[in-house]
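What the coordinates show
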Amino acid sequence: MKNFSLLIFLDNENIKIDNIDTKIDELPEKIKESSLKKLIILISDWNIYKLEFDLKLKKLSEAKKAAENHFLYLNPDSSYNPKFFNIALKKTDDGYHATAFYLSKEAEEFIDIIHNLGFKNKIIHILPIFEIYKNINKTYRIKDYITTIKDNNVITFNIKDIDSFKNILSDDDLKNIEKEMNIELIKDLNIKNLNFEKDFLKKNKSFELINKLFYPIIIGIIIINLAFFSYSKYENVKFKKIYKYIKKINVNLSKKVDPVIKAEDTLKKLAELNNSINIYSKQFFPFLNFLKELSKVEHLFINSLYIKNDTLKIYGKTDSALKLLEVLKKLKYLKDPKIVSNISRDSQGNERFQIEAKIVYGK
Amino acid sequence: MENKWKFYTIIGLIVLSLFLYKKVYLNYFNNVSFLKTKIKRYKKLNAKLEEKIKTYPKIKSQLAIEEKKLKNIKNRLFKAHNPNEVLENLQKYLFDYFQKQDININNYRQLRLIESKFFYRCRFEINSIIDFNKLVNVFEFLDNSNYLIKIPEIYIYYTRRRKESLLRTRIVFETIYIKEDFNETKN
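Residues numbered from 1 in each chain as written. Chains lettered and ligands numbered in written order. Predicted model: local features only at pLDDT ≥ 70, side-chain atom pairs only at ≥ 80, totals over all residues. Heavy atoms only, no water.

1. Some points on the overall build of chain A
Keep this limit in mind: Numbering of helices and strands runs from the N terminus, with a helix taken as a DSSP run of H or I at least four residues long and a strand as a DSSP run of E at least two residues long. Areas reported here follow the Shrake-Rupley algorithm with a probe of radius 1.4 Å; residue values treat only the protein chains shown as occluding.
A tally of regular secondary structure across chain A gives 11 helices and 11 strands. Taken as a whole, chain A presents about 21300 Å² of accessible surface, with 50% of it coming from carbon and sulfur.

Set out below in structure tokens:
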């Protein structure tokens, strides 16, 4: 990334702080993409005030202290205390003549804004335009001057003739400045087109925010991580314990339940066996009972009787086959008894019959 | 920009946190949810097992009842080691009775064994000429017998012999033999 310095022309016309933000929005691409190494602010004479007073003191050291206090005391604008001021002492017959130079409130506020944009830790040089004008064509003087600034990081003011900076500084002069300061200047800038991009401003603000919140964010992230780790680990260990415990219970219960399952299985088999034997024992014809019922029927002669494959067949003679059929129908263990042959009568008037019925089990 | 390293440190930490979240915490959380599901299943299973264990006395008492029933049935069966032996015993039992009652046996035969799930049905057939009263006695004998003997097939045909009214009969007697594995079960 290219290092360069920003040369800001701060003249009377553009010192209005209210307009600075809007103008900063349109900073050229070159500045936006680069990182500033040095910042030089050139202040016009309209923003530099002069205050002169006499001190009747003999010693220079005493005079210096008194001049500083006196300057602050005499400061005509009580709404702010100038940060950037310089007092020059000139010996007179009865003491010293002090000349104090200081920046206007607006100029100082402008410098504050520049600080807040992220240049606080950059070396900021504030040069009065007229001083450069005075030393024009005398580059060695400029060099001395800048050295002074570097050493003290304060401004030295020396008011002389005043003119517009643009008209005064030629390209050669600028080149000389670059050469002396070993920097690259952006030459076409004045406060009118010194417009920072909004993004740039925002970026700086966000970086400022990051700067402020860096440690809290780091601590926060670490705390969140620790919280996640400890919570997840704790939950994991807790549920592992519960799982082991419940599994152990399960193993114990399984041991206890084994005989139950065996017994249940045995019971099932036994019940089925008993049930099937029970069904088996019912699956037969109550023959004696049947004979008793038949013996009650009068005039009945049974020629033959079959029971096979759950079917009863009777062949015989009786005075009324239908009467016999009625008797058989009343028996619970017979289903649908019917006469299956033609009924014929013999010489004695008896009916020959052939009856068939299905046997019903369990009745 | 001197704040850059701070910015990248924060981004790096966030990325590291996300990485840790995905690789470590998420694994733990997934494991926890997996364990929770398993615990839930085991709880249900344990509850079922406990319920089953509670039914043990009831099953035992039912088992005792069923065993008693089976014992009673077993007492009514011919003691034998195989179905053929049962047939032998049945034959002997019937012959004894027929001999006592002086019933003539024309012929007899052992019929096939019918196999069912739990037992064999052992059939034995007797052909005889018998009067009615004796036939009734045979059935009474079977009804009162301690053995479980049933008659699946009967053929009775009226006949006259020497001016006597007789019945030509063919009776199939049947009893059962419980299969060996069920014998073991009940023991």
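2. Remarks on the nonpolar core
Here is the rule: Note on terminology: a nonpolar core comprises buried Ala, Val, Leu, Ile, Met, Phe, Trp, Tyr and Cys residues joined through side-chain atoms within 4.5 Å. The buried label goes to any residue with under 20% of its type's maximum accessible area, the exposed label to any with over 50%, and the partly exposed label to all in between, with areas taken from a 1.4 Å probe on protein chains only. In this description, contact between two residues means that some pair of their heavy atoms is separated by no more than 4.5 Å.
The biggest cluster of nonpolar side chains holds 51 residues, and the ones touching the most others in it are Phe285, Phe287, Phe290, Leu328 and Leu334 of chain A together with Phe173 of chain B. The element contributing the most residues to this core is helix α3 (residues 83-100) of chain B, with 7 residues. If we ignore the near neighbours within four places in the chain, the residues touching Phe290 of chain A are Phe285, Leu305, Leu312, Ile314, Leu328, Leu331, Tyr333 and Leu334 of chain A. Grouped together as the second largest cluster of nonpolar side chains are 21 residues, Ile73, Phe118, Leu148 and Ile178 of chain B included.

3. Focus on the pairing of strand β4 (residues 164-178) of chain B
Residue and element names in this part refer to chain B. In plain terms, the rule: The rule for pairing is simple: two strands pair if DSSP sees at least two bridges between them.
With 11 of 15 residues buried, β4 is to be regarded as a mostly interior element. Relative to β4, strand β2 (residues 119-130) runs antiparallel, the two being bridged by 12 bridges. Bridge assignment links Phe119 to a residue of β4, and that residue is Ile178. As defined by bridge partners, strand β3 (residues 150-161) adjoins β4 across 10 bridges and the pair is classed as antiparallel. By the bridge assignment for β4, Arg161 is matched with Glu164.

4. A word on the packing of aromatic side chains
This is how it is decided: When two rings of Phe, Tyr or Trp (its six-membered ring) have centres within 6.5 Å they constitute a pair, described as stacked for plane angles under 30 degrees, edge-to-face for angles over 60, and tilted for the intermediate range. As a reminder, the over-ring test applies to NZ of lysine and CZ of arginine, requiring each to be within 6 Å of the ring centre and within 35 degrees of the ring normal.
One pass over the structure, following the stated rule, counts 32 aromatic pairs over all chains. Both rings, one in Phe229 of chain A and one in Tyr25 of chain B, keep their centres 6.5 Å apart while their planes meet at 65°; by these two values the pair is edge-to-face. Separated into two different chains, Phe229 of chain A in helix α9 (residues 198-282) and Tyr25 of chain B in helix α1 (residues 4-54) make up a pair that spans both. Among the aromatic residues, ring-to-ring pairing joins Phe228, Phe229 and Tyr231 of chain A together with Tyr21, Tyr25, Tyr28 and Phe29 of chain B into one connected group. A cation over an aromatic ring shows up here: Lys179 of chain B above the ring of Tyr120 of chain B, its NZ or CZ 5.6 Å from the ring centre.

5. Regarding the side chain of Asn236 of chain A
Inclusion rule: Residues adjacent in sequence count toward polar contacts only when both atoms are side-chain atoms; beyond that, a polar contact is any pair of N or O atoms within 3.5 Å, and within protein one must be able to donate a hydrogen and the other to accept it.
With respect to the helices and strands, the residue Asn236 of chain A is situated in helix α9. Overall, the relative accessible area of 5% leaves Asn236 of chain A in the buried class. Within the structure, the side chain of Asn236 of chain A is placed 3.0 Å from the side chain of Asn31 of chain B, a separation counted as a polar contact. Apart from the residues within four sequence positions on either side, Asn236 of chain A is in contact with Tyr28, Asn31, Val32 and Leu35 of chain B.

6. Description of α3 of chain B
Residues and elements named next belong to chain B. Rules: Take the residue count of a helix, subtract one, and multiply by 1.5 Å to get its expected span. Within this analysis, the arc is defined by the directions that extend from the helix axis to the C-beta atoms.
Taking 1.5 Å as the rise per residue, α3 with 18 residues should run 26 Å; its terminal C-alpha atoms sit 26 Å apart, in good agreement. Turning to α3, its buried residues number three or more, namely Pro83, Val86, Leu87, Leu90, Gln91, Tyr93, Leu94, Tyr97 and Phe98. Down the axis of α3, the buried side of the element spans an arc of 165°, and every buried residue falls inside it. For α3, the exposed residues set more than 90 degrees away from the buried face come down to Lys92, Gln99 and Lys100. Between a side-chain oxygen at the N-terminus of α3 and the backbone nitrogen of Asn84 the separation is 3.2 Å; the capping residue is Asn82. Just downstream of α3, Asp102 is the residue with a positive phi angle, here 60°.

7. Examining the packing of α3 of chain B against helix α4 (residues 132-144) of chain B
Residues and elements named next belong to chain B. Under the convention used in this document: Where helices are involved, their axes are fitted lines through C-alpha atoms of the stretch in contact, as for all axes, and angles between N-to-C directions lie from 0 to 180°. Throughout this description, any angle smaller than 35 degrees is read as roughly parallel, any larger than 145 degrees as roughly antiparallel, any in the 65 to 115 degree range as roughly perpendicular, and the remainder as oblique. Crossing handedness is read from the near helix: turned anticlockwise from the far helix by less than a right angle, it gives a left-handed crossing, and turned clockwise, a right-handed one.
For the pair α3 and α4, the least separation of the axes is 12 Å and the interaxial angle reads 135°. On the basis of the axis angle, α3 is oblique to α4. As for the relative orientation of α3 and α4, their crossing is right-handed in sense. Facing α3, whose interface residues are Tyr93, Leu94, Tyr97 and Phe98, α4 presents Asn137, Val138, Phe141 and Leu142.

8. Some remarks on the pattern of salt bridges
Two side chains that carry opposite charge are able to pair once their charged atoms sit near each other. What counts, and what does not: For this analysis, a salt bridge means a side-chain nitrogen from Lys or Arg found within 4 Å of a carboxyl oxygen belonging to Asp or Glu.
Overall, the coordinates contain 12 salt bridges over all chains when judged by the stated rule. In this structure, Glu351 of chain A engages Arg345 of chain A in a salt bridge whose closest nitrogen and oxygen atoms are separated by 3.0 Å. With relative accessibility at 12%, the residue Glu351 of chain A sits in the buried group. Across the pair Glu66 of chain B and Lys69 of chain B runs a salt bridge whose closest N-O atoms are separated by 3.7 Å.

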